[in-house]
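Next come the chains, spelled out residue by residue.
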Amino acid sequence: MEPVIGIDLGTTNSCVAIVEDERPIVLTGRGSQKKVLPSIVGFTEKGKRLVGLIAKRQSVTNAENTIYAFKRLMGRKWDSPIVASARESYPYRLIQGPHNDVRVKVRDVIYSPPEISAIILQELRLIAEEYLGQQVQKAVVTVPAYFNDNQRQATKDAGAIAGLDVIRIINEPTAAALAYGFGKKIDRLVSVYDLGGGTFDVSILEIGAEGVFRVVATAGDTFLGGEDFDNRVVNWIITGFEKSHGIDLRSDRMALQRIKDAAENAKCELSQTRKTELNLPFIITSPEGEPLHIQVELTREKFEELTRDLVDRTVAICEATLEEAGILPEDIQDALLVGGMTRMPLVQARVAEMFGREPCKGVNPDEVVALGAAIQADALTSEESNVILLDVTPHTLGIMVAGGFFEEIIPLNTTVPTARSKIFTTVHDNQTAVKILVLQGESKKAEDNELLGEFILDGLRAAPRGEVEVEVTFEINSDGIVSVSAKNLETGLKQSITVTATSGLTQDEIGEMMRVGHEYLVERRFTEKQEEKRQQIERLLSQVNDLYPSVEELIGGTDQGQAALEKVRAAVEKAEAVIEQANEQEMERTIQVLERTIGMFKNALNKA
């Protein structure tokens, strides 16, 4: 069966998982024992891509050309407040794209967020291919539950650029619940509190013993996560330094990146200890030429003081979600913690306080989402799987009505697939057409919600206002595709639109990015094959050299033996030259020659 992988494409870290022998497992990185890949991409002076840990290690000295937390920019408009905030805090350069989207400019090359995400996806794909020993072309990828249609489409586009057919996008907390309940045959009502590097989600799910996972309610904030906790510490350090020395470090990209790294490390340490020291020598030179240093102590209490309001925001979202679903906190039987930030003691304490029980510790917060994605991938492709996932709409869908108000047609947390209709009347005398503005959001004011599409239904009978009725129908399929139609109830005349989300990229742009991504992948695979063969030649050469003295002693006394040994020496010299040439066909021939030589040596020694 063609393999399908599960991918958690995270803001801070990403990982890839598969189901093997009916058991989901997270795969370790190539040449590494780590199961998570930092979601960081760097570009060297020569244009070489660095991905993951190697990119993170050089981020201080190459801050302007190292891209992180780009998931927060997926599907965003350039003029959104969130992008404005990112432009102030990110050390790399953001520019306006041709479709009012966001782009990143690195060493005179412009990238879109889906392109950067595709680089991470390609690396995860290569990890899976190395483990499976075959090419992978299909994946299930997770997204925050509160991602809107454009952000989900941006994730799909990233998959396409990476050469992956994303057969399903599923929500991160839902994936976590899948992993938690998989194979346990339990009936539980669970909450998933997912506080990751860039986003926060909460979902309430019913897990059925027969393998049915039903999402009851979901909510979140796509700009609330570990990055914000880091930034509070960064601002605290910078403000203190400015008070002491009168120098604002925000304009120094290298200093800013060093402080950010130190803040992130301190945050992690304070989950285990009560206090930690941030020590950054030679952070900058004063106008007088004096080297200045940062050496401050940060206690857990101070860190909690700096970030308490962020934790309070997550709790408020949880409480509102429970109320919306008509569920009391004490009804929740298990509270799952997902995402690296849930290691923070204050977060754990507030979740325990909210639900009146200690959170479950039986899941790995860094791996559980990828495991759930792999389980969903298996469920979609395996005839034997009994997993059924019933998800909900994360946002309210509706249209704009008279007065600029938003009229909901499909409420948030409606199980999909679904279809809902409402009847509206004309608002003007002799009105012969209506413009349907399709919106998504929670505000009663239409202008505050996201416009998904628009179309016109004409041919209405000219009549006094309120006399002509129009039925508007919304449909959402299992993939989350929204279709909207409007029908004149007098004549049956109908107009419709399929809402097409956009990541800010055109099909031509995506096609070109796919071509470049494919070429890069082919080159990577080719380079890796060469490296494998080079290592194989080196191992074979080592064996030949180890056996040579014994064989020479055995057969070197005859002319025939001397001739054979001369051929071996020539083959060894050629093999050493081939290693440097990196010609794959020559390398393969050399491997065969060396293997025959070793076989001949062993036969000679055995006969002796």
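Residues numbered from 1 in each chain as written. Predicted model: local features only at pLDDT ≥ 70, side-chain atom pairs only at ≥ 80, totals over all residues. Heavy atoms only, no water.

Caption draft 1: How the structure looks around the overall build of the chain. When its secondary structure is counted, the chain shows 13 helices and 27 strands. Overall, the C-alpha framework of the chain stretches about 115 × 70 × 50 Å when taken along its three principal axes. Relative to its 608 residues, the chain shows a buried fraction of 53%. Counting contacts in the chain only where the partners sit at least 6 residues apart, residues at least 24 apart contribute 66% of the total. When the accessible surface of the chain is totalled, it reaches about 28300 Å², and 47% of it is carbon and sulfur. Both charge centroids of the chain, one from 67 positive and one from 93 negative side chains, sit 2 Å from each other. (Helix = DSSP H or I, 4+ residues; strand = E, 2+ residues; numbered from the N terminus. Buried < 20%, exposed > 50% of the residue type's maximum accessible area, 1.4 Å probe, protein only. Contact = heavy atoms within 4.5 Å. Areas by Shrake-Rupley, 256 points an atom, 1.4 Å probe, with all protein chains shown as cover. Lys, Arg positive; Asp, Glu negative; His and termini not counted. Charge placed at Lys NZ, Arg CZ, Asp CG, Glu CD.)

Caption draft 2: Local environment of the environment of V572. Among the structural elements, V572 can be located in helix α12 (residues 559–581). When the C-alpha atoms of V572 and L540 are compared, they prove to be 9.8 Å apart, with 32 residues separating the residues in sequence. The contacts of V572, once residues within four sequence positions are left out, are L541 and V544.

Caption draft 3: Representation of the nonpolar core within the structure. Counting 53 residues, the largest nonpolar core has I7, Y92 and L94 as the members making the most contacts within it. In terms of residue count, helix α3 (residues 113–132) provides more of this core than any other element does, 8 residues in total. Discounting chain neighbours no more than four positions away, the residues touching I7 are C15, V16, L121, L124, A139, V140, V141, T142, L164 and A373. With 52 residues, the next largest nonpolar core counts L195, V233, I238 and A335 among its residues. (Core = buried A, V, L, I, M, F, W, Y, C linked by side-chain atoms within 4.5 Å.)

Caption draft 4: Helix α4 (residues 149–161), seen in detail. In this model, α4 (13 residues) spans 18 Å end to end at C-alpha, consistent with the 18 Å of a helix rising 1.5 Å per residue. Counting buried positions over the 13 residues of α4 gives 10, a clear majority of the element. Three or more residues of α4 are buried, namely D149, N150, Q151, R152, A154, T155, D157, A158, G159 and I161. Looking at where α4 begins, the residue whose side-chain oxygen comes 3.0 Å from the main-chain nitrogen of N150 is N148. (Expected span 1.5 Å × (residues − 1). Polar contact = N/O pair within 3.5 Å; in protein donor to acceptor, adjacent residues only side chain to side chain.)

Caption draft 5: Highlighting helix α2 (residues 81–89). By the burial criterion, the buried members of α2 are I82, V83 and A86. Along the axis of α2, the buried positions cluster into a sector of 95 degrees, meaning they face one direction only. Exposed side of α2, more than 90 degrees from the buried face: P81 and E88 are the residues found there. (Arc of directions from axis to C-beta.)

Caption draft 6: Focus on a negative patch on the surface. Where like charges cluster on the molecular surface, the negative patch consists of D21, E22, E383 and E384. Following the sequence through the fold, E383 ends up in the loop between α10 (368–381) and β19 (388–390). (Patch = residues over 30% accessible without salt bridge, like charges linked within 9 Å, V, L, I, M, F, W, Y side chains within 5 Å. Salt bridge = Lys/Arg side-chain N within 4 Å of Asp/Glu carboxyl O.)

Caption draft 7: Structural view of the packing of helix α5 (residues 172–181) against α10. With their axes 7 Å apart at the nearest point, α5 and α10 run at an angle of 80 degrees to one another. Considering their axes alone, α5 and α10 lie roughly perpendicular with respect to each other. Between α5 and α10, the residues in contact are E172, A175, A176, L178 and A179 and V368, V369, L371, G372, A373, I375 and Q376, respectively. Classifying every residue of the contact of α5 with α10 gives 9 nonpolar, 2 polar and 1 charged. (Axes fitted to C-alpha atoms, helices over the stretch in contact; angles between N-to-C directions. Parallel < 35°, antiparallel > 145°, perpendicular 65-115°, else oblique. Nonpolar A, V, L, I, M, F, W, Y, C, P; charged D, E, K, R; others polar.)

Caption draft 8: How the structure looks around the pairing of strand β26 (residues 482–488). Counting buried positions along β26 gives 5 out of 7 residues, so the element sits mostly inside the fold. Relative to β26, strand β25 (residues 469–476) runs antiparallel, the two being bridged by 7 bridges. Bridging across to β26, E471 finds its partner in K487. Joining the antiparallel neighbours β26 and strand β27 (residues 494–498) is a turn of 5 residues, in which G492 adopts a positive phi near 80 degrees. (Pairing = 2+ DSSP bridges.)

Caption draft 9: Geometry of unusual backbone geometry. In this structure, the amide linkage connecting V416 to the following residue, P417, adopts the cis form with an omega of 0 degrees. The topology assignment puts P417 in the loop between β21 (405–410) and β22 (418–425). One non-glycine residue, A69, adopts positive backbone phi at about 55 degrees. Mapped onto the elements, A69 comes out in the loop between β7 (66–68) and α2. Phi angles above zero are rare outside glycine, and N413 is one such case at about 65 degrees. Of note, N413 is situated in the loop between β21 and β22. Judged by its relative accessible area of 14%, N413 is buried.

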